[in-house]
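# Topology and contacts: notes
Here is how the chains run, residue by residue.
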Amino acid sequence: MANPRLHVLALGGTIATRPDASGAMQMGLGADDLLAAVPAVGGLAEISAETVSRVGSHSLSFDQIHALASKIRGLKADGVIVTQGTDTLEETSFLLDLLLDLNIPVIVTAAMRNPSLTSPDGPGNLLAAARVACDPWVRAHAHALGVMAVMLDEVYAASDVSKIHPTRLNAFAATQTGPLAALVEDRIVPMSLPVRDAIAGARAKLGDLSKASARPVAIFWMWLDEGGGLIEALLADPGHLGYRGAVIGAMGGGHTPERATETVYRLARTIPTVIAPRAGGGPLLRQTYGGPSSEIALRKAGVIWGGRLHPVKARVLLECCLRAGMSREAIAEVFDPFG
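Overview of the structure. (Residues numbered from 1 in each chain as written. Predicted model: local features only at pLDDT ≥ 70, side-chain atom pairs only at ≥ 80, totals over all residues. Heavy atoms only, no water.)

Once that is clear, we can look at unusual backbone geometry. Cis geometry is found at the peptide bond from Gly282 to Pro283, where omega equals 0 degrees. Along the polypeptide, Pro283 turns up in the loop between strand S15 (273–277) and helix H10 (295–300). The residue Ser119 is not glycine, and still its phi comes out positive at about 55 degrees. Here Ser119 is to be found in the loop between strand S6 (106–109) and helix H4 (122–134). On the basis of relative accessibility, which here comes to 48%, the residue Ser119 falls in the partly exposed class. Look at Leu152: it is not a glycine, yet its phi comes out positive at around 50 degrees. (Helix = DSSP H or I, 4+ residues; strand = E, 2+ residues; numbered from the N terminus. Buried < 20%, exposed > 50% of the residue type's maximum accessible area, 1.4 Å probe, protein only.)

Take the side chain of Ser293 next. Checked against the element boundaries, Ser293 lands in the loop between S15 and H10. Since its relative accessible area comes to 12%, Ser293 is described here as buried. Reaching out from Ser293, the side chain makes a polar contact with the backbone oxygen of Thr256 at a distance of 3.2 Å. Setting aside residues no more than four positions away along its own chain, Ser293 makes contact with Gly254, His255, Thr256, Pro257, Glu258, Thr261 and Leu298. (Polar contact = N/O pair within 3.5 Å; in protein donor to acceptor, adjacent residues only side chain to side chain. Contact = heavy atoms within 4.5 Å.)

Below, the discussion takes up the nonpolar core. Across soluble globular proteins, nonpolar side chains have a tendency to be buried as a group. Core analysis: the largest hydrophobic core is formed by 53 residues, its most contacted members being Ile72, Leu96, Leu317 and Phe335. No other element matches helix H11 (residues 311–323), which puts seven residues into this core. Ignoring sequence-local partners within four residues, the contact set of Leu317 consists of Phe94, Leu98, Ala202, Leu206, Leu309, Val334, Phe335 and Phe338. Counting 32 residues, the second-largest nonpolar core is a separate cluster that includes Ala16, Ala133, Val150 and Leu180. (Core = buried A, V, L, I, M, F, W, Y, C linked by side-chain atoms within 4.5 Å.)

On to the side chain of Thr86. Its place among the elements puts Thr86 in the loop between strand S5 (79–83) and helix H3 (89–99). Here the side chain of Thr86 touches Lys163 through a polar contact of 2.8 Å, side chain to side chain. Those residues in contact with Thr86 that sit more than four places away from it in its chain are Ser57, Ala110, Ala111, Met112, Met151, Lys163 and Phe172.

We now examine the packing of H3 against H11. In the contact formed by H3 and H11, the axes pass within 9 Å of each other and the chain directions differ by 40 degrees. Taken together, the axes of H3 and H11 are oblique relative to one another. Two packed elements cross with a definite hand, and for H3 against H11 that hand is right-handed. In contact with Glu90, Glu91, Phe94, Leu95 and Leu98 of H3, H11 contributes Val312, Lys313, Arg315, Val316, Leu317 and Cys320. When the residues that make up the contact of H3 with H11 are grouped by side-chain class, the tally is seven nonpolar, no polar and four charged. (Axes fitted to C-alpha atoms, helices over the stretch in contact; angles between N-to-C directions. Parallel < 35°, antiparallel > 145°, perpendicular 65-115°, else oblique. Left-handed = near helix turned anticlockwise from the far one by under 90°. Nonpolar A, V, L, I, M, F, W, Y, C, P; charged D, E, K, R; others polar.)

Two residues of an α-helix separated by three or four positions point the same way, owing to the 3.6 residues in each turn. Residues Ala198, Ile199, Ala202, Arg203 and Leu206 constitute the buried set of helix H7 (residues 197–206). Across the axial projection of H7, the buried residues extend over an arc of 130 degrees, all falling on one side. Among the exposed residues of H7, those pointing more than 90 degrees away from its buried face are Asp197 and Ala204. Residues of H7 that are buried in the fold lie against H3, H11 and helix H12 (328–335). Among the residues trailing H7, Gly207 stands out with phi positive, at a value near 70 degrees. (Arc of directions from axis to C-beta.)

What follows is the structure in structure tokens.
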């Protein structure tokens, strides 16, 4: 049987850095450079490679990831690997998962250690991603698995993966669900299939976003003694500072400080506003606590419930909904299955 055809798309990031004259790491390596550091990949698959950009993932845009999804849809490949920076991997992989409905493995990988350090993890992560993309179980379940992230010999669902540490080698985890599979010796050990009903439902409602324009979304974090001053600044501006929607990183099971709650109510009446758990994942409460800043009151006031989605992922989904031109009611229907 012929080896599968894998296409590598390089976006930049730590995995693609090299030192400048001062010793500072700068973007510079392309897809061919990354593959040259991992010759074993050539024994796994028929490889093609393309350098899409040379930027840190902190500088990527929604439009760039939409264009990347279009490029992936047009490839003649049995699997796709995207290399990028770690700063926004949890967001870009989730956006790709919302945009792509494919029967081939699509894997996002990166590096925490740059190539100038001892034991950089980029080559190992790229090799692991290729092994996962070529694995028979993964290929047989590619549609059910959706877009995956492969980091440090573990495979995560894009909807669940989070960056939980800024610098550690083991910076990624899926705290709610755990990994989908692990790499051990020369094996891919399956552990679970993700529950993807909410993703599939969202994708069906979003439709084709390829020609839609961006709709910026703000995030407001709730914390001890927060009074909502930043939200007031948005509400006072005639153009809402350019934002078309907002996500509230709420306390506990979906609460805001009482002193900020009336401001949150006004925000929800002005632009679509989603509550997501400040803790990083849900599911949120819906009907336990009373009072003006409780989940019961916030939901009655028209705040959209983000369920189990991390605030940064809720922002990605809300931007897609707004890009699709959805009404507030339709957006709530998209978010509801997330818990």
